[in-house]
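Notes for the structure review
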Amino acid sequence: MSEEKKTVLNVEDLTVAFNMYQKGAFKKTDLEVIHKLSIDVKEGEIVAVVGSSGSGKSLLAHSILHILPKNAKVGGKIEYCGKELDDKYVKELLGRDIAFIPQSVDYLDPLMHVDKQVIGVYGNKERQREVFDRYHLDERVDTLYPFQLSGGMARRVLISSAVMEEPKLIIADEPTPGLNVEMAMETLNNFRELADKGTAVLMITHDIDLAFEVADRIAVFYAGTVVEIASTLDFIMGRGFLRHPYSAAFVDALPQKKFKPIEGTQPYAGNLPSGCLFADRCPYRDDECAGEIPMRDLRGGKVRCVHAT
Amino acid sequence: MNKKMKNVISESIRMALLLIAVSIIAFFLVINSPIDPLTSYVGPESTLSQEARDEIAEYWGLYDPPAERFMSWVGNIVRGDWGDSITYKRPVKDVISERFSYSFGLMACTWVISGLLGFVVGIISGMREGGWFDRITKYFCLMVKSAPTFWIGLLVLVIFAVELKWFPIGMAVPLGKPANEVTFWDRLYHMALPVITLSIISMSDIMLYTRQKLIEIINSDFILYARARGENEKQIVLRHVIRNIALPAITVQFASFSELFGGMALAENVFSYPGIGTATTAAAVNGDVPLLLGIAVCSAVFVFAGNLMANVLYGVFDPRIKEGVITYEHTHAHSH
């Protein structure tokens, strides 16, 4: 990635907490689910956020889009093209400059024809037809209800919605589950095409194989934060090129690598260790790991580990 | 089409079974009640001799076995002979059709007003969940739902008729006015208070339902996605919320015919409104068996018609049911 490319999305020290009842308690307390997360996406670039299920990846997307539930508290900084993305600014951008691709067809109104939904509040019929044609959705699809769509059609409808207004930033939340390999590849190639035209794509997925195929950079998500961001090449080269012990373990656990799991589980959001979140599963742990762990630049990537070299 | 025909047939069978069951139960309740049809016919102070009484009872078939009496009553009903009302000294059919025409206006107005008002208020308070408007309307509705109908009727009567004198205190037409001079406005004016009372009561159901359903929908994924695509609150309500709530709300409103009917009977008594409700009470008090049975059968038909319309509407308007993807029971499992 060359230096002159503009940063479209920049997230710094994002913290998300929910004010809620904990198990067995009668008073609402704050449950912090995303901790000091930093990530950035440049124009023409696909950044994949990978991590296991339940690590809060979707919440990252929802906080950028400002669609978190009312009891969420958001801290830190989110910038779009260098300007702070506050409630007011995001309203101007959503559906036009920033598009969201949700996980499934459940995100469509069950009682509305898909063409009207894809047109949304900003589009028009001609543009919708044009986009549908591009994704091989013929005119019969226009007047179908979401429950009548097949998995692949639903996926293409959701992507069509996202590209209606030619956005500068696309945030895709698990765009591939439920699709067979060919369909998944087709979807990812669609993203690649969009990125090659200059769109910045933030793709959230638990499928690292697919991330390998199209992403320019990969961010590894663990226990509510990003522990490492590095170029996809580093991940393909293997653990020796990675910076964080969790990313290394993550790659080792892949079927085509050593298929080797590591001990332990991700810590629960309500019960986090004070220092490094990975410390209790880490083979290199020492006293330094109990302190504050900043995100630092290392060999062209970023890592949140004091020992990484 | 085949499926539709099947539905129509099965609904018709259900209707027939319901009517048979209602007639049997009503009939046997009445003949086992302490009401003596003969005494209520001739009056308690009658000087009729015992022989004459026996003769009439014999002629009426009062000594026949219950099953035989039931069958002869059913036979007459089918032939169109509903008997004569003792209370009104007129054929039951005439009494019911006249009374129903009064009550029908009352129920139709109530049904429309409570439906629209409940729907709109439910949407507003659901959108502002936890806000002052939501809290006030929610507690008001819960209060109304727990209060007896006649008590609310009396309250409305005291406030609007006695204290403020805005509306007449009762009846369907002005007292002492010749029937041919009674205008449409007179009737409407007299209907106002019972309609207000009934609307307040019926509204709470539909309002609480709409509110609950809205909160459910507003937290669903497709609303989240609509937000993410830049739709504002107003667009979300107009484009998605109303569409998704209207159908279940209309269904609930149709299914509420039974409560509407029950509430009407009480409200009519409070306002001395000459509808089917007051006729029912009069029939019960006077031991007017033919009228009582006639009303029981008619009200069963009325309530069943409401439920039937609810079922049919769901099938017509929800594309998922129309295509047979999910069944009516399916959608109702979580709406009730």
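Residues numbered from 1 in each chain as written. Chains lettered and ligands numbered in written order. Predicted model: local features only at pLDDT ≥ 70, side-chain atom pairs only at ≥ 80, totals over all residues. Heavy atoms only, no water.

Scanning chain A for helices and strands turns up 10 helices and 12 strands. Relative to the 2.2 N^0.38 estimate, which gives 19 Å for 309 residues, the radius of gyration of chain A is 20 Å and therefore close to what a compact globule would have. Expressed along its principal axes, the backbone C-alpha trace of chain A runs to roughly 65 × 50 × 35 Å. Burial status across chain A gives 55% buried among its 309 residues. For chain A, contacts bridging at least 24 residues in sequence account for 65% of all contacts bridging at least 6. (Helix = DSSP H or I, 4+ residues; strand = E, 2+ residues; numbered from the N terminus. Rg over C-alpha atoms; globule rule 2.2 N^0.38 Å. Buried < 20%, exposed > 50% of the residue type's maximum accessible area, 1.4 Å probe, protein only. Contact = heavy atoms within 4.5 Å.)

Right, let's talk about the pattern of salt bridges for a bit. Applying the stated criterion across every chain yields a total of 26 salt bridges over all chains. The shortest N-O distance in the salt bridge between Glu98(B) and Arg90(B) comes to 3.1 Å. On the accessibility criterion, Arg90(B) (33% relative accessible area) is partly exposed. Here the salt bridges do not stand alone but share partners, grouping Asp115(A), Lys125(A), Arg129(A), Asp133(A) and Asp142(A) into one network. (Salt bridge = Lys/Arg side-chain N within 4 Å of Asp/Glu carboxyl O.)

Right, let's talk about helix H1 (residues 57-65) of chain A for a bit. Residue and element names in this part refer to chain A. Extensive coverage of H1 is indicated by the burial of 8 of its 9 residues. All buried positions along H1 are accounted for by Lys-57, Leu-59, Leu-60, Ala-61, His-62, Ser-63, Ile-64 and Leu-65. Backbone geometry just after H1 places His-66 at a positive phi near 60°.

All names here are of chain A. In this sheet, strand S2 (residues 28-42) lies alongside strand S1 (residues 7-21) in antiparallel orientation, the contact comprising 11 bridges. Each residue of the ladder has a partner; that of Asn-10, found in S2, is Asp-40. In sequence, S1 turns back onto S2 through a hairpin of 6 residues, with Gly-24 there showing a positive phi of about 75°. With 8 bridges joining them, S1 and strand S4 (residues 72-80) adopt antiparallel strand pairing. Bridging from a neighbouring strand, Thr-15 pairs with Gly-75 of S4. (Pairing = 2+ DSSP bridges.)

Residues and elements named next belong to chain B. Looking at the assigned domains, one finds that chain B contains domain 1 (2-86) and domain 2 (91-333). Taking only C-alpha atoms into account, the centre of domain 1 sits 32 Å from that of domain 2. Counting from both sides, the interface comprises 19 residues of domain 1 and, opposite them, 21 residues of domain 2. Summed over both sides, the interface between domain 1 and domain 2 buries roughly 1,900 Å², with carbon and sulfur atoms accounting for 76% of that surface. The interface formed by domain 1 and domain 2 includes 4 residue pairs in polar contact (both at pLDDT 80 or more). Listed by contribution, the elements that provide at least two residues to the side of domain 1 that touches domain 2 are helix H1 (2-31) and strand S1 (84-85). (Domains from an automatic or database assignment. Buried area = accessible area lost by both parts, 1.4 Å probe. Polar contact = N/O pair within 3.5 Å; in protein donor to acceptor, adjacent residues only side chain to side chain.)

Let us look at the sheet that holds S4(A). The strands making up a sheet associate through backbone hydrogen bonding, with each pair oriented either parallel or antiparallel. All names here are of chain A. Pairing is antiparallel in the open sheet, where 4 strands are placed in the order S2-S1-S4-S5. Where the open sheet ends on each side, the last strands, each with one partner, are S2 and strand S5 (83-84). Sitting on the sheet, H1 is in contact with S1, S2 and S4, with an inclination near 105° to S1. (Axes fitted to C-alpha atoms, helices over the stretch in contact; angles between N-to-C directions.)

Take the side chain of Arg217(A) next. Take Arg217(A): it is sitting in strand S9 (residues 217-222). Classification of Arg217(A) by relative accessible area gives buried; the value is 14%.

The partner chain A presents 27 residues to the 19 residues of chain B that form the contact. In total, about 2,300 Å² of surface goes out of reach between chain B and chain A, with carbon and sulfur atoms giving 62% of it. Taken together, the links from chain B to chain A amount to 0 salt bridges. Scanning the region where chain B abuts chain A turns up 8 residue pairs in polar contact (both at pLDDT 80 or more). Elements with a contribution of two residues or more to the side of chain B that touches chain A: helix H9 (221-228), helix H10 (233-255) and helix H14 (319-322) of chain B. In terms of residues, the side of chain B that touches chain A owes the most to one element, H9(B), which gives 6 residues.

What follows concerns the packing of helix H5 (residues 92-127) of chain B against helix H6 (residues 132-146) of chain B. All names here are of chain B. Axis separation between H5 and H6 bottoms out at 8 Å; the angle between their running directions is 135°. When the interaxial angle is binned, H5 and H6 end up oblique. Viewed along their axes, H5 and H6 form a crossing whose handedness is left-handed. Note on element contacts: H6 touches H5 through Phe-133, Asp-134 and Thr-137, opposite Val-121, Ile-124 and Ser-125. (Parallel < 35°, antiparallel > 145°, perpendicular 65-115°, else oblique. Left-handed = near helix turned anticlockwise from the far one by under 90°.)

Mean pLDDT for chain B: 84, with 94% of residues reaching 70 or above. This model gives residues 327-336 of chain B a pLDDT under 50, and the stretch forms 14 contacts once residues within four places in sequence are excluded. (pLDDT = per-residue confidence, 0-100.)

Residue and element names in this part refer to chain B. A cluster of nonpolar side chains, namely Phe-150, Trp-151, Leu-154, Leu-155, Val-158, Ile-159, Val-162, Leu-164, Trp-166, Ile-169 and Leu-266, defines an oily patch on the protein surface of about 1,000 Å² accessible area. It is helix H7 (residues 149-163) that contributes the most residues to the nonpolar patch, 7 residues altogether. If you trace the backbone, Leu-155 turns up in helix H7. Judged by relative accessible area, Leu-155 falls into the partly exposed class, the value being 39%. (Patch = residues over 30% accessible without salt bridge, like charges linked within 9 Å, V, L, I, M, F, W, Y side chains within 5 Å. Areas by Shrake-Rupley, 256 points an atom, 1.4 Å probe, with all protein chains shown as cover.)

So, on to the sheet that holds strand S12 (residues 301-303) of chain A. Residues and elements named next belong to chain A. Reading across the sheet, the 8 strands line up as S6-S7-S8-S3-S9-S10-S12-S11 and stay open at both edges, with mixed pairing between neighbours. Edge positions in the open sheet fall to strand S6 (98-101) and strand S11 (296-298), since each of these has one partner strand only. Ignoring which end each strand starts from, the neighbouring axes of this sheet average 20° apart. Pairing analysis gives 4 bridges linking S6 to strand S7 (residues 169-173), with the strands arranged parallel. Looking at the pairing, Ile-101 lines up with Ala-172 of S7. Its contacts with the sheet put helix H7 (residues 181-196) on strand S3 (46-50), S6, S7 and strand S8 (200-205), and the angle it makes with S8 is roughly 155°. Contacts from helix H10 (residues 245-252) reach S3, S9 and strand S10 (225-231), with the element oriented near 100° to S9.

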